[in-house]
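Observations on the three-dimensional arrangement
One letter stands for each residue in the lines below.
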Amino acid sequence: MATTTARISLPGPFQGLRESLTEARYRARHKSLAVGLGTLSGAWHQVLNPKPRPSPESVRALLRRMDTLLERDLQNVRDGLYPRSLLFQMPVARYLAQAPENAAEFGRVWWRRRKHAHDDLPAPARDPAYPRYYTRTFHWQSDGWFSAESAARYDAGVEFLFGGTADIMRRQVVPAVLGATQGRATPRVLDIACGTGRFLHQLHAAHPKARLYGADLSPYYLQYAGDLLRHVPGLSLLCDNAESLPLRDGSFDAITSLFLFHELPKDVRRTVLREALRLLRPGGTLAVLDSAQLVESPDIAPFLEEFPNLYHEPYYRSYLRDPLEEAITECGFEGVRVERQFLSKLVVARKGR
Ligand SMILES: C[S@@+](CC[C@H](N)C(=O)[O-])C[C@H]1O[C@@H](n2cnc3c(N)ncnc32)[C@H](O)[C@@H]1O
């Protein structure tokens, strides 16, 4: 039987009230998530590496930055940059259902960290085609990037680390892509190191006409992304190394990359940036979101410096002191701008014409 859904349009004042209530619900949800997850992860980090508590001043800085992120997210919705539905798209029920498995993962992480077992990986990781820097148990997570189980656990783990703000930070890349692809009927957008596809999922909701491409070196993460994005027409997922992708020069209007660069050695960061430059059309836009760095975020330095003491992040210390904006300029991009996004930074630049 065919069904129709009626859209109820409320008179102006009621519409405004409904929006205010939605926004209040969003703030309450994220602030309580942040308090809950922040308390849990703080306790967990004390188990991993007992330390004096961070100063009240740096905690206040962190909270201010989170408030700014939440308000920017709401403003982007008011400005029509992405749909309101994205505000509540985090699959909380799925993450909760995974809690027993993720609780077991805490024990494995603790053990692996204690043994410094950064090469505790399944057999596929021994394929010599993988670069050496890649075959490590990043974050001490079981199987590194080399199993379907790791891919299934990843999203909840990242939300735990970021106090429930990972998807919010990811979608701050959407406005840059919209700006870059204005006036193009079906712009082509490539997400380098797309992982489980969380960003492409949000980008599709905001920009359904864009033709989306995702590349990642993990077949397991790509498989997961393919399932999440099965409703996206024309999607292409490519299992390959971001250093050299089998794609034509100048074939993309916009290229994005989220949370990749802090996991690469310094020289490889540049190789990937040069590859992105090659793949962009003249005038095309690059948008990179990754961990905050010391240069623009000294206010949260104690948290940034502590991260690699807790998790296996062999290139993070060098990343903290290698400003992304400088690397991007060095690799030939123009018009570089930087935005702070809570625990991350967004760097947007373009290829010259
Ligand atoms: C921290 S995850 C970020 C994933 C995703 N962008 C996100 O927002 O969650 C890093 C991803 O980079 C991928 N990766 C690391 N080095 C790579 C390389 N050289 N080429 C392609 N993908 C790579 C990993 O397989 C993993 O999926």
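Residues numbered from 1 in each chain as written. Predicted model: local features only at pLDDT ≥ 70, side-chain atom pairs only at ≥ 80, totals over all residues. Heavy atoms only, no water.

**Structural notes on the confidence of the model for the chain**
Put simply, the test is: Each residue gets a pLDDT score, which is the predictor's confidence in that residue and runs from 0 to 100. Note on contacts: a residue pair qualifies if any of its non-hydrogen atoms lie within 4.5 Å across the two residues.
For the chain, mean pLDDT is 93; residues scoring 70 or higher make up 96% of the total. Per-residue pLDDT stays below 50 along residues 1-7; that stretch engages in 0 contacts with residues further than four places along the chain or on separate chains.

**Re the environment of L81**
We count it as follows: Note on conventions: DSSP H or I runs of at least 4 residues are helices, E runs of at least 2 residues are strands, and numbering of each starts at the N terminus.
Take L81: it is sitting in the loop between helix 2 (56-78) and helix 3 (92-97). Setting aside residues no more than four positions away along its own chain, L81 makes contact with N76, V174, P175, L178 and A206.

**Here we look at the packing of aromatic side chains**
Threshold: Two rings belonging to Phe, Tyr or Trp (six-membered ring only in the last case) form a pair when the distance between their centres is within 6.5 Å. Interplanar angles under 30 degrees mark stacking, angles over 60 mark edge-to-face geometry, and anything in between is tilted. In this scheme, a residue with accessible area under 20% of its type's maximum is buried, one over 50% is exposed, and one in between is partly exposed, where area comes from a 1.4 Å probe on protein chains only.
On inspection of all chains with the given rule, the structure shows 15 aromatic pairs. On the numbers, 4.9 Å between centres and 85 degrees between planes, the contact of Y130 with F146 is edge-to-face. Highlighted residues: Y130 in the loop between helix 4 (99-115) and helix 5 (148-161) and F146 in the loop between helix 4 and helix 5, separated in sequence by 16 residues. Relative accessible area serves as the criterion here: at 16%, Y130 is assigned to the buried category.

**Digging into the nonpolar core**
Side chains that are nonpolar tend, in soluble globular proteins, to be buried together. Our working definition: Among buried residues, those of type Ala, Val, Leu, Ile, Met, Phe, Trp, Tyr and Cys that are joined through side-chain atoms within 4.5 Å constitute a nonpolar core. Domain extents, as shown, originate in an automatic or database domain assignment.
The biggest cluster of nonpolar side chains holds 101 residues, and the ones touching the most others in it are L190, I192, I255, F261 and L286. Split by domain, this core shows at least three residues from each of two domains, domain 1 (24-98 + 160-353) and domain 2 (99-159). Discounting residues that sit within four places of it in the chain, I192 has contacts with A215, A242, L245, I255, T256, S257, L258, L260, V272 and A276.

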